[in-house]
Amino acid sequence: MYSMKFHGGSDVDDVIDAMEYSAYVHDVVHIILDNMQFMISRQATPKGSSYDKFDMQDVAIEKFRKFATQHNVRVTLVVHPRKEEVGSKLGISSFYGSAKATQEADTVLIFQSDGKRKFVDVRKNRYDGTLGHVPLYFQQKSGRYTRDASRGRSAEDGRSVGRVGAERCEGEVL
């Protein structure tokens, strides 16, 4: 696992350059960018321009999509939801910004909580169309999220789903 050293608002082209380097030099095939809103939040817009943060987000998404296609790399882009009513289930229209993030995505995963349980909701799957949800259970002893509450293991293969702080990703947002 490699980590890029970008913090706060970053120029999207600088991030793309680092991604190209990682794909070429280190043969990286999956890149996780967390988070889209924070990355572009401090970029300056030309004075007197009607170009806003949503336009900037759309341009960034286009660039990430183009990069993923050209380099055969999976790009997971974290996009936070808009403020929604407490307890309401999030949907594709809940994402912050324009609809471009979900339109360009191959897979849309939403981490949900209904107050009693947490789960991953698969809302878009361009690969085979399968949709649904996977429950998540936090195992205090191991510090991991799992799919099986009783054993701390995945029901299918016995592997843990992910470690807190370095979650294993099985899908993507872009």
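Heads up: the structure comes first, above all this text.
Since this is a predicted model, take the numbers as computed values, not measurements.

Scoring rules and cut-offs
- Residues numbered from 1 in each chain as written.
- Predicted model: local features only at pLDDT ≥ 70, side-chain atom pairs only at ≥ 80, totals over all residues.
- Heavy atoms only, no water.
- Helix = DSSP H or I, 4+ residues; strand = E, 2+ residues; numbered from the N terminus.
- Buried < 20%, exposed > 50% of the residue type's maximum accessible area, 1.4 Å probe, protein only.
- Contact = heavy atoms within 4.5 Å.
- Areas by Shrake-Rupley, 256 points an atom, 1.4 Å probe, with all protein chains shown as cover.
- Patch = residues over 30% accessible without salt bridge, like charges linked within 9 Å, V, L, I, M, F, W, Y side chains within 5 Å.
- Salt bridge = Lys/Arg side-chain N within 4 Å of Asp/Glu carboxyl O.

Quick notes on the overall build of the chain
- Helix and strand counts for the chain stand at 4 helices and 7 strands.
- Walking the chain from its N terminus toward its C terminus, one meets helices and strands in the order α-β-α-α-β-α-β-β-β-β-β.
- Burial statistics for the chain: of 174 residues in total, 37% are counted as buried.
- By sequence separation, contacts in the chain at least 24 residues apart represent 46% of the contacts at least 6 residues apart.
- When the accessible area of the chain is evaluated, it comes to approximately 11,200 Å², of which 51% is carbon and sulfur surface.

Side note on a nonpolar patch on the surface
- Taken together, the side chains of Tyr21, Tyr24 and Val25 present a nonpolar region at the surface, about 390 Å² in accessible area.
- With respect to the element layout, tyrosine 21 can be found in helix H1 (residues 12-25).

Considerations on the environment of methionine 4
- Turning to its location among the elements, methionine 4 is positioned in the segment before H1.
- Judged by relative accessible area, methionine 4 falls into the partly exposed class, the value being 26%.
- Linking methionine 4 and valine 15, residues 11 residues apart in sequence, is a C-alpha distance of 8.5 Å.
- For methionine 4, the contacting residues outside a window of four places in its chain are Val15, Ala18, Met19, Ile31 and Leu33.

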